[in-house]
Amino acid sequence: MKAVVFDQHGGIEVLQYREVAEPDISPNDVLVRVKATACNYNDIWARRGMAGLAVAFPHISGSDAAGEVVKVGSEVRGVKAGDEVVVHCGVSCRQCEACAAGQDVFCRDFRIWGFQTGPLDGAHSELIRIPAYNVVPKPENLSWEEASSLPLVLVTAWRKLVTRAQVKPGDHVLIWGAAGGLGIMAIQIARLFKARPIAVASSDDKLEVCRKVGAEFLINRKKQDILEEVRSITARRGVDIVFEHPGEATWPVSVQAVRRGGTIVTSGATSGYEGLTDLRHIFFRQITVMGSTLGSKAELIQAMRFVETGDIKPVVSEVLPLREVGEAQLTMEHSEVLGKIVLVPDGNGSR
Ligand code: NDP
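Residue indices begin from 1 for each chain and proceed along its sequence in written order. Only residues with pLDDT of at least 70 get local features here, since the model is predicted, and only at 80 or more are side-chain atom pairs given and counted; chain-wide, interface and lining totals rely on the full set of residues. Side-chain measures were taken over the full set of non-hydrogen atoms in the model, leaving aside hydrogen atoms and water.

Undergrad: Which residues make up the overall build of the protein chain, and what values do they have?
TA: Summing up its helical and strand segments, the protein chain has eleven helices and 17 strands in all. Relative to the 2.2 N^0.38 estimate, which gives 20 Å for 351 residues, the radius of gyration of the protein chain is 20 Å and therefore close to what a compact globule would have. Structurally, the protein chain occupies a C-alpha span of about 60 × 40 × 40 Å along its principal axes. Across the 351 residues in the protein chain, those meeting the buried criterion constitute 56%. Sequence separation of 24 or more characterises 70% of the internal contacts of the protein chain that already satisfy a separation of 6 or more. Only carbon and sulfur atoms are counted for the fraction: they give 49% of the accessible area of the protein chain, which is about 15,200 Å². Here the protein chain carries 40 positive and 42 negative side-chain charges, and the mean point of each set is 6 Å from the other. Strands here are runs of E lasting at least two residues and helices are runs of H or I lasting at least four, both read from the DSSP assignment and numbered beginning at the N terminus. With the radius of gyration taken over C-alpha atoms, the globule rule is written as 2.2 Å times the number of residues to the power 0.38. Relative accessibility thresholds used throughout: buried, under 20% of the residue-type maximum; exposed, over 50%; partly exposed, between the two (1.4 Å probe, protein chains only). The contact criterion used is simple: two residues touch if any of their non-hydrogen atoms lie within 4.5 Å. The accessible surface values rely on the Shrake-Rupley method and a 1.4 Å probe; as for residues, cover is taken only from the protein chains in view. Two residue types count as positive, namely Lys and Arg, and two as negative, namely Asp and Glu; His and chain ends fall outside the count. Lysine's charge is taken at NZ, arginine's at CZ, aspartate's at CG and glutamate's at CD.

Undergrad: Quick rundown of the nonpolar core? Include the residues and the values.
TA: Ranked by internal contacts, the top residues of the largest apolar core, which has 92 residues, are V30, W113, L154, M185 and I189. The greatest single-element share of this core, amounting to eight residues, is contributed by helix α4 (residues 151–164). The term nonpolar core refers to a set of buried residues drawn from Ala, Val, Leu, Ile, Met, Phe, Trp, Tyr and Cys, joined through side-chain atoms within 4.5 Å. Ranked by size, the runner-up nonpolar core spans 19 residues in total, among them L174, I198, F217 and I264.

Undergrad: Tell me about the site of the ligand, and name the residues and values.
TA: We define proximity as follows: a residue is near a molecule or strand when any one of its heavy atoms falls within 4 Å of that partner. Taken together, 26 residues lie around the ligand, and G181, S202, R221, T270 and L294 are the ones closest in. Backbone polar atom of S267 to a nitrogen atom of the ligand: 2.8 Å apart, as the coordinates give it. Coverage of the ligand by the protein amounts to 93% of the 920 Å² it exposes when considered alone. Where the shell around the ligand is concerned, the elements lending two or more residues are α1 (41–48), α4 and α5 (181–192). Each residue is assigned to one class: nonpolar for Ala, Val, Leu, Ile, Met, Phe, Trp, Tyr, Cys and Pro, charged for Asp, Glu, Lys and Arg, and polar for all the others, Gly among them. Classifying every residue of the shell around the ligand by side-chain character gives ten nonpolar, 14 polar and two charged. We define a polar contact as two N or O atoms separated by no more than 3.5 Å, with the added condition that, inside protein, one atom must be a possible hydrogen donor and the other a possible acceptor, whereas residues neighbouring each other in sequence contribute only through side-chain atom pairs.

Undergrad: Now, about the environment of Q256: what can you tell me, with residues and values included?
TA: Relative to the helices and strands, Q256 is located in helix α8 (residues 251–257). Spatially, the C-alpha atoms of Q256 and A328 are 34 Å apart, while their sequence positions differ by 72 residues. Residues contacting Q256, with those up to four places away along its chain left out, are L227, H281 and R285.

Undergrad: Quick rundown of the packing of α4 against helix α10 (residues 297–308)? Include the residues and the values.
TA: Here, axes are lines fitted to C-alpha atoms. For helices the fit covers the stretch in contact, and angles between N-to-C directions go from 0 to 180 degrees. Running from N to C, α4 and α10 point in directions that differ by 100 degrees, and their axes come no closer than 9 Å. Classified by the angle between their axes, α4 and α10 sit roughly perpendicular to one another. Contacts between α4 and α10 involve P151, L154, V155, W158, R159 and T163 from the former and E299, L300, Q302, A303, M304, F306 and V307 from the latter. Considered class by class, the residues forming the contact of α4 with α10 number nine nonpolar, two polar and two charged. Each angle receives one of four descriptions, namely roughly parallel if under 35 degrees, roughly antiparallel if over 145, roughly perpendicular if within 65 to 115, and oblique otherwise.

Undergrad: Talk me through the pairing of strand β13 (residues 239–244); I want residue IDs and the actual numbers.
TA: Of all six residues in β13, six are buried, a share of seventy percent or more. Pairing of strand β10 (residues 172–175) with β13 involves three bridges; the strand directions are parallel. When the bridges of β13 are listed, V173 appears paired with I241. As defined by bridge partners, β13 adjoins strand β14 (residues 258–266) across five bridges and the pair is classed as parallel. Paired with V242 across the two strands is I264, which belongs to β14. Orient the strands so they point away from the viewer; a crossover is then right-handed if the path from the first strand over the helix to the second runs clockwise. Remark: the β13/α8/β14 crossover connection has right-handed handedness. Strands pair, by our definition, only if DSSP identifies at least two bridges between them.

Undergrad: Go over the sheet that holds strand β15 (residues 288–291) with me, naming the residues and quoting the values.
TA: The parallel open sheet is built from six strands, whose spatial order is β12-β11-β10-β13-β14-β15. A strand with exactly one partner marks an edge of an open sheet, and here the two such strands are β12 (217–220) and β15. Strand-to-strand, the axes of this sheet are offset by a mean angle of 20 degrees, without reference to chain direction. Running over the sheet, helix α6 (residues 204–212) touches β11 (196–201) and β12 and is turned about 165 degrees from β12.

Undergrad: For the side chain of H59, give the residues involved together with the corresponding values.
TA: Among the secondary structure elements, H59 is positioned in the loop between α1 and β4 (65–72). Residues within four places of H59 in sequence aside, it is in contact with V4, V5, F6, A46, G114, F115 and T117.

Undergrad: Break down a nonpolar patch on the surface for me, citing the residues and quoting the values.
TA: Two distance rules govern patches: like charges are joined within 9 Å, and nonpolar side chains (Val, Leu, Ile, Met, Phe, Trp, Tyr) within 5 Å, applied only to residues with over 30% relative accessible area and no salt bridge. Throughout this description, the term salt bridge denotes a Lys or Arg side-chain nitrogen within 4 Å of a carboxyl oxygen of Asp or Glu. On the surface, L279, F283 and F284 cluster together into a nonpolar patch covering about 380 Å² of accessible area. For F284, the location among the structural elements is in helix α9 (residues 279–284). F284 sits in the exposed class, given a relative accessible area of 60%.

Undergrad: How would you summarise the environment of I198 if you had to cite specific residues and measurements?
TA: Position of I198 among the secondary structure elements: in strand β11. The class of I198 is buried, set by a relative accessible area of 0%. In contact with I198, not counting residues within four places along its chain, are H172, V173, L174, I175, F217, I219, I233 and V239.

Undergrad: Which residues make up the pattern of salt bridges, and what values do they have?
TA: Close approach of charged atoms lets side chains of opposite charge pair. Scanning the entire structure with this criterion turns up 15 salt bridges. Note that K168 is salt-bridged to D171, the shortest N-O span being 3.3 Å. Here K168 falls in the partly exposed class, since its relative accessible area comes to 42%. Classification of D171 as buried rests on a relative accessible area of 5%. D346 serves as the salt-bridge partner of R323, at 2.6 Å between the closest nitrogen and oxygen. Highlighted residues: R323 in the loop between β16 (316–321) and α11 (325–333) and D346 in the segment after β17 (340–344), separated in sequence by 23 residues. With a relative accessible area of 47%, R323 lands in the partly exposed category. A single salt-bridge network, built from bridges that share partners, covers R47, R48 and E333.

Next comes the structure, spelled out in structure tokens:
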């Protein structure tokens, strides 16, 4: 079978589309033929290399997949060959106290599949081996491409806004990178909870997409002063929640944009890890800063219900052959992506 593999860190030139051995499954695993797989920023971090992230070579990236189960392990119940599934990309020990409590995101062995090195190769491949626990039925109202674009960004945005920041009706939610993978989900989740999404993006074209999926207010960060706009939208109060992920470049603005007693919830550092914080803002204005990463399978299932009802819709801007993953990563690195880019392995077909 074919997969996208890299043997060293570097630019997109290290990505090779080549023949690899088919995975063997363990008793609790399933083998899935990948119909479509999405691109995530994590793929770029793994390829570039990042302090504190151990990547074993050869490495196959990819944390999202939709496909058809072709084989199940001897201990698997409730999943069978022919099932159409998507993959929840949180992998944990399933044994510890945190896992037993449904808090697998706090398991010491918790890993993002395809990103952090573990026993499993990632999704940028024709066939994948994954624990049966990690598969979730594919929503019937979505194509393979749409379904593959969702799990990672959907569960991350859901946990950030619903579980962590506890978004509620009327909340002003400032969403950075609003036309990106996380942002498009955040807008729709905020709307679902009758909150008031303020989309920030770098072009009017991107903002138009944000408007279409439910953003109430639009800010073009290249043309407008974000703090001035926030003051005007919120009658000088500040926003209730900031949905952070660009990191260093946006952090000081996020700290000033949030209201007294408001919350900044962060899950990323695309532009750098060292967000400068004037601590006086944190204590005088009693701001809550929350970290969040991925989410549990339960959170994904909860969010997926709203995909099935059509309240949360995927936005797929490009579908490319799997071998062109490098082009997709460049588009993301240049902040040119709208929603998600999806890859389709040669020969596996799609519908
Ligand atoms: P995308 O590439 O889809 O979108 C990111 C958007 O962020 C860009 O389109 C851009 O929008 C905006 N952005 C980038 N740099 C800057 C900057 N300097 N200033 C302001 N905005 C900027 O990525 P995702 O939405 O999928 O992921 C975003 C980040 O979150 C990544 O770093 C990723 O690794 C992380 N992440 C973390 C997860 C976790 O569990 N911890 C899970 C998922 C993602 P524009 O130019 O239009 O403003």
